[in-house]
Amino acid sequence: MEDKLFRERYDAYREAVEAYLDKLFTGDVPWQELYKSMRYSLLSGGKRIRPVLTLECARLGGIRDWKYALPFACALELVHTYSLIHDDLPCMDDDALRRGKPTNHVVFGETMATLAGDALQAEAYRLIAEAPKLSKTAKLDAVWSLAWASGANGMVAGQVLDLTDFGHDRETLTTLCDRKTCFMIKAAAELGCAAANASGELTAALARYASLLGLAFQIRDDLLDVIGDEATFGKPIGSDRDEGKTTFVDLLGADGCASEVERLTDEAVAALDGIPDTAFLIELARRLTTRTK
């Protein structure tokens, strides 16, 4: 896909997501500090890969207008943001920097940061429930996918495994990363397919693409934690090593990680075989192999 066409579509998705998110939590209420804390992290930038993936999968699934899927895409981003706020807390990873800015608890305190995360998670399901252009079946499918990916068997389970020093070999580390990272990226594809009432076959193929993309993304993240530039990466380099965590770099080495990212990306692209009009997803996967943040 030509760079110009890819960038135009990505920017259109991202700008629509930013505009939708910017309208949330703006009322003049006595709990204004909560809104400020929520918006601080929600609007702090980021690549918006997950909601972009949701919107593109909705388009591929045949939705009449991809903008109809914005509530689903942004619901996922609310849950992702809540997870980052909680992940940074002193009782978790105790990080002071996220996306080049002080973390939420550094600015608003631990109590407000915790409550902001709680509120973002709950509000995500409100967005799904109130999606004006989508069917009840689509909403139910979206709730199931997001709850499964982020709950006790998904992202939260991954966080527990991370905190209990679970992953020390390739199999256990992959299990940890599947739950902490990949399930949510897979859910991004599933939510887009749900919005479009896509076929089970298409949903399965796009979910497999997203799962493989998610693991490649995590391995690239581990690599950047070693070789990245802190100003570009947006958080301290070497934080995983400082915390004594085993990463894919420890198991595979830097060159091995780069090779594994390429292999997983090739598998992700192969999962799209037979699906028309997937040039954007192929280009997205290829670009993520060389990302620097």
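The residue numbers shown here count from 1 along each chain, following its written sequence. Where local features are concerned, this predicted model is filtered to residues with pLDDT of at least 70; where side-chain atom pairs are given and counted, the filter is 80 or more; whole-chain, interface and lining totals use all residues. As a convention, hydrogens and water are excluded, and side-chain values are obtained from all of the structure's heavy atoms.

A.B. asks: What am I meant to see in helix α9 (residues 170-196) here?
C.D. replies: Since the α-helix packs 3.6 residues into each turn, any two residues three or four apart lie on the same face. Between its terminal C-alpha atoms α9 stretches 36 Å, which fits the 39 Å expected from 27 residues at 1.5 Å a residue. Think of it in three bands: with a 1.4 Å probe and only protein chains considered, a residue is buried below 20% of the maximum accessible area for its type, exposed above 50%, and partly exposed in between. Put simply, DSSP marks the helices as runs of H or I at least four residues long and the strands as runs of E at least two long, and each gets a number from the N terminus on. With 20 of 27 residues buried, α9 is to be regarded as a mostly interior element. Contacts described as polar in this section are N or O atom pairs within 3.5 Å, which, within protein, must combine one atom able to donate a hydrogen with one able to accept it, while residues neighboring in sequence count only if both atoms come from side chains. Of the residues that open α9, the one with a side-chain oxygen 3.2 Å from the backbone nitrogen of Glu-171 is Asp-169. Of the residues one or two after α9, Asn-197 is the one with positive phi, at around 50°. A helix is expected to span 1.5 Å multiplied by its residue count minus one.

A.B. asks: Quick question: what am I supposed to make of helix α4 (residues 70-87) here?
C.D. replies: Between its first and last C-alpha atoms α4 spans 25 Å; for 18 residues at 1.5 Å apiece the expected length is 26 Å, and the two agree. Most of α4 sits out of view: 18 of its 18 residues are buried.

A.B. asks: Help me understand the side chain of His-86 in this model?
C.D. replies: With respect to the secondary-structure elements, His-86 resides in helix α4. A relative accessible area of 15% places His-86 in the buried class. One polar contact links the side chain of His-86 to the main-chain carbonyl oxygen of Thr-114, over a distance of 3.1 Å. Note on contacts: a residue pair is in contact if any heavy atoms of the two residues lie within 4.5 Å. For His-86, the contacting residues outside a window of four places in its chain are Met-92, Ala-113, Thr-114, Gly-117 and Asp-118.

A.B. asks: Would you mind showing me how to read the pattern of salt bridges here?
C.D. replies: Pairing between side chains becomes possible if they bear opposite charge and their charged atoms approach one another. Salt-bridge detection follows one rule: a side-chain nitrogen of Lys or Arg within 4 Å of a carboxyl oxygen of Asp or Glu. Summed over the entire model, instances satisfying the criterion amount to 25 salt bridges. Across the pair Arg-39 and Asp-22 runs a salt bridge whose closest N-O atoms are separated by 2.9 Å. With Arg-39 in helix α2 (residues 32-42) and Asp-22 in helix α1 (residues 3-22), this pair connects stretches of sequence that are 17 residues apart. Among the ionic pairs, Arg-286 bridges to Asp-266, the shortest N-O distance being 2.7 Å. One end of the pair, Arg-286, is in helix α14 (residues 279-288); the other, Asp-266, is in helix α13 (residues 248-270), and 20 residues separate them in sequence. By sharing partners, the salt bridges in this structure join Asp-87, Asp-88, Asp-93, Arg-98, Asp-162, Lys-180 and Lys-245 into a single network.

A.B. asks: Help me out: how do you make sense of the packing of aromatic side chains in this one?
C.D. replies: Two descriptors summarise a pair of aromatic rings, namely the distance from one centre to the other and the angle between the planes of the rings. Pairs were defined over the aromatic rings of Phe, Tyr and Trp, the Trp ring being its six-membered one, requiring ring centres within 6.5 Å. Orientation was assigned from the angle between planes: stacked under 30 degrees, edge-to-face over 60, tilted for the rest. One pass over the full model with this rule turns up 8 aromatic pairs. Arranged with centres 5.9 Å apart and planes meeting at 35°, the rings of Phe-6 and Tyr-10 form a pair that is tilted. Residue Phe-6 and its partner Tyr-10 are located together in helix α1, separated by 4 residues, close to a single helical turn. Summarising the burial analysis for this pair, Phe-6 and Tyr-10 share the class buried. Both rings, one in Phe-6 and one in Phe-280, keep their centres 4.8 Å apart while their planes meet at 25°; by these two values the pair is stacked. Within this pair, whereas Phe-6 is found in helix α1, its partner Phe-280 is found in helix α14, the two being separated by 274 residues in sequence.

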